Every structure is written in structure tokens, then in C-alpha cells.
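Overview (structure and organization)
Here is how the chains run, residue by residue.
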Amino acid sequence: SYPEGLRRRLLPVLAETLAAGGEGAAAARVLEQAGPDPSLALARALTENAQGRTEEALELFDAAARSRDRLMRARALRHALERRLELGRVTPAEAAQGLEQTLFAWRGDAQEVVTRLRIADLRREAGDARAAMALLRETASLFPEQAAAIRPRLQQAFLQALETDAPLSAVAMHDAQPDLMPTGDAAAAVLEGLAGRLAALDLN
């Protein structure tokens, strides 16, 4: 009963919210009443996923990712990658690489920040802490209002790099960026471990 213009704007939001909230059946009823509408492509994918129809959901996510709507395309790509990651069909490194491609589909707002932080987390999970650090630094530079919130993640990536890099490389990184060294037991343990690895090299 809503005017057509308002209806077209509200229906995707309504259906996506219901599906994301676990109300798959209610979302399906809304979509059935709405009829065919390209703006509901992502909502249909989310609804299939909420109802446990994984393969159908993935097909619909992939279809929505081919939309001319840039925001829908980016969101569909992200949902598809996260679902495949949950299913073990892609590795964290592959998911990070795929998410990086979505940055070209939609840029310049909170959506991009969230995606960048997720990519950094996946890079760390894949064991590439230095790549995570580089992305987090770039993100803080592009979104200075988010720099304070990003810093703890950057420090954690720094600690991971100190722990996993070759000892001499880790020392050089520590000396070059001492401002990133957090305080606390975790940092002390990493430094102690690094000292032990250096001692094992027998550099005398």
C-alpha cells in the first residue's frame, strides 16, 4: 500500500534486516509478495542463507555480485566470501584477496573501513602480519578519524610480526617502529621469546 518510490526503497532494507536477524520465513513472505525486483537480489540471497539453503544462497550471492548496483555488488561479494570461508571452501588468504577486490566496488565510507579491518584480520590469520600492518597503516592514513580505533589492531599485528619474523628482521622492525610496542604481559612475552631466538643464533 506504500507509494511505489518509497516501497522500492524500504523493501530491500526490510527483507535484508529480517534475514540477517534470523527471520528467514518472514523475509521469504515479504519477498514473495514483492514479486520480481532486481533491487531485492541480495535480500533473496540472504533469505536463502537464513533458511539454511547454502548452495542456493551462494548462487544468488554470485548473481547479485554481478549487479550494476555498486553497493549491492560489493556487499554480495563480501557475503559470498564470508560464507565460503565458514564452509572451508576458501582459505583466510584467499578470502583476504577476494575482499581486497571488493574495495574497488565501493569506497570512501564506513563500509570500506569495515572491509579493510576484516582483510587485516584475515591476513593475520593467514600468518601475514606484515601485510596486515601495511593495510592498517594505510587505512589509518585514509581515515584519520578512525586512527585511534585502528591502533590496537596495528599493535597486535606488530606483536605477531615480531613473533613470526626471522629474528634479525624482527629486531630491525622493532627498532624502526618502537612506538607500536604495547605494554603488558603479552608484549613482554613476545620480547622474551625474541631474545631467546636471537641467543639461539649464536652471533658472537
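Residues numbered from 1 in each chain as written. Predicted model: local features only at pLDDT ≥ 70, side-chain atom pairs only at ≥ 80, totals over all residues. Heavy atoms only, no water.

1. Here's the deal with helix 6 (residues 92–102)
Those residues of helix 6 that fall on the buried side of the exposure criterion are Pro92, Ala95, Ala96, Gly98, Leu99 and Thr102. Taken around the axis of helix 6, the buried residues stretch over an arc of 165°, which confines them to a single face. Each element contacted by the buried residues of helix 6 is listed here: helix 5 (70–86) and helix 7 (110–125). (Buried < 20%, exposed > 50% of the residue type's maximum accessible area, 1.4 Å probe, protein only. Helix = DSSP H or I, 4+ residues; strand = E, 2+ residues; numbered from the N terminus. Arc of directions from axis to C-beta. Contact = heavy atoms within 4.5 Å.)

2. Section: the pattern of salt bridges
In total, this model carries 11 salt bridges according to the counting rule given. A single salt-bridge network, built from bridges that share partners, covers Glu112, Arg116 and Glu138. (Salt bridge = Lys/Arg side-chain N within 4 Å of Asp/Glu carboxyl O.)

3. A look at helix 8 (residues 129–142)
Because an α-helix packs 3.6 residues into every turn, residues spaced three or four apart end up facing the same way. For helix 8, which comprises 14 residues, the first-to-last C-alpha distance of 20 Å matches the rise-based estimate of 20 Å (1.5 Å per residue) to within 8%. Listed in full, the buried residues belonging to helix 8 are Ala129, Ala132, Met133, Leu135, Leu136 and Thr139. Of the surrounding secondary structure, the elements contacted by the buried residues of helix 8 are helix 7, helix 9 (147–164) and helix 10 (167–176). (Expected span 1.5 Å × (residues − 1).)

4. What about the nonpolar core?
Within the largest apolar cluster, 32 residues are counted, with the highest numbers of intra-cluster contacts made by Met133, Leu136, Phe158 and Leu162. Contributions of two or more residues to this core are made by helix 5, helix 6, helix 7, helix 8, helix 9, helix 10 and helix 11 (185–201). Of all the elements, helix 9 adds the most residues to this core, at 7 residues. Among all residues touching Met133, those that are not within four sequence positions of it are Leu154, Ala157, Phe158, Ala161, Met173, Gln177 and Leu180. Among the nonpolar cores identified, the runner-up in size contains 13 residues, and Leu46, Ala57, Leu58 and Ala76 belong to it. (Core = buried A, V, L, I, M, F, W, Y, C linked by side-chain atoms within 4.5 Å.)

5. Considerations on the packing of helix 1 (residues 4–20) against helix 2 (residues 24–34)
Where helix 1 meets helix 2, the axes come as close as 7 Å, and the angle between the chain directions of the two elements is 155°. Classified by the angle their axes make, helix 1 and helix 2 are roughly antiparallel. In this structure, helix 1 meets helix 2 at a crossing whose hand is left-handed. Contacts between helix 1 and helix 2 involve Arg7, Leu11, Leu14, Ala15, Leu18 and Ala19 from the former and Gly24, Ala26, Ala27, Val30, Leu31, Gln33 and Ala34 from the latter. Broken down by class, the residue content of the contact of helix 1 with helix 2 amounts to 10 nonpolar, 2 polar and 1 charged. (Axes fitted to C-alpha atoms, helices over the stretch in contact; angles between N-to-C directions. Parallel < 35°, antiparallel > 145°, perpendicular 65-115°, else oblique. Left-handed = near helix turned anticlockwise from the far one by under 90°. Nonpolar A, V, L, I, M, F, W, Y, C, P; charged D, E, K, R; others polar.)

6. Focus: the packing of helix 6 against helix 7
Packed helices, taken two at a time, are described by the angle their axes make and the gap between the axes. Across the interface, helix 6 lies against helix 7 with an axial gap of 8 Å and an inter-helix angle of 160°. The angle between helix 6 and helix 7 falls in the class roughly antiparallel. By crossing handedness, the relation of helix 6 to helix 7 is classed as left-handed. Listed contacts from helix 7 to Pro92, Ala93, Ala95, Ala96, Gln97, Leu99, Glu100 and Thr102 of helix 6 are Thr115, Arg118, Ile119, Leu122, Arg123 and Glu125. Tallied by class, the residues present in the contact of helix 6 with helix 7 amount to 7 nonpolar, 3 polar and 4 charged.

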